[in-house]
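Coordinates in review
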Amino acid sequence: MQNKNTIWLGPTLHDLKKFPDKVRKHIGFALYLAQQGLTHEDAKPLKGFKVTVWEIVSQHHGNAYRAVYTVKIKDIVYILHMFQKKSKDGITTPKKEIDLIKKRLQLIL
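A brief structural summary. All of these numbers come straight from a predicted model, not from anything done at the bench. (Residues numbered from 1 in each chain as written. Predicted model: local features only at pLDDT ≥ 70, side-chain atom pairs only at ≥ 80, totals over all residues. Heavy atoms only, no water.)

1. Re the side chain of arginine 104
Here arginine 104 lies in helix α3 (residues 95–108). For the buried residue arginine 104, which engages in no salt bridge, the nearest side chain bearing the opposite charge is aspartate 15, 5.6 Å off. Contacts of arginine 104, omitting those with residues within four sequence positions, involve Leu9, Gly10, Pro11, Thr12, Leu80 and His81. (Helix = DSSP H or I, 4+ residues; strand = E, 2+ residues; numbered from the N terminus. Buried < 20%, exposed > 50% of the residue type's maximum accessible area, 1.4 Å probe, protein only. Lys, Arg positive; Asp, Glu negative; His and termini not counted. Salt bridge = Lys/Arg side-chain N within 4 Å of Asp/Glu carboxyl O. Contact = heavy atoms within 4.5 Å.)

If you want it as structure tokens, here you go:
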């Protein structure tokens, strides 16, 4: 298997480093699989984008942490966003997070 290049947009790597250790390992392994051309069982397509955008949700002590990435552009894994979902309104990704993801995706398209 061939590793794909990885590009961390904005403060995504810094944000990941602030997550709990268990969450960092979970998301890190999922991103490693993406680099190998594979998809982690917890990675789900995030709807509403022109290209496939993946979201990994990691739970820790009642908190939800999310990583959003895409691999469909020139064989590169672009890490678009890392955040802790604080909204209690179901599982929907908050609009401000979607807007930021769209903005970063537009930069690489």
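2. Considering the packing of aromatic side chains
On inspection of all chains with the given rule, the structure shows two aromatic pairs. Aromatic pair phenylalanine 19 and tyrosine 65: ring centres 4.9 Å apart, planes at 55°, arrangement tilted. In this pair, phenylalanine 19 sits in the loop between α1 (12–17) and α2 (21–35) while tyrosine 65 sits in strand β4 (residues 63–73), placing the two residues 46 residues apart along the sequence. According to the relative accessible area criterion, phenylalanine 19 is buried, its value standing at 7%. A centroid spacing of 6.3 Å and a plane angle of 25° characterise the contact between phenylalanine 29 and tyrosine 32, whose relative ring orientation is stacked. Of the two residues, phenylalanine 29 and tyrosine 32 are both situated in helix α2; the distance of three residues between them amounts to about one turn of the helix. Relative accessible area serves as the criterion here: at 43%, phenylalanine 29 is assigned to the partly exposed category. Note on tyrosine 32: relative accessible area 42%, which makes it partly exposed. (Phe/Tyr/Trp six-rings, centres within 6.5 Å; stacked < 30°, edge-to-face > 60°.)

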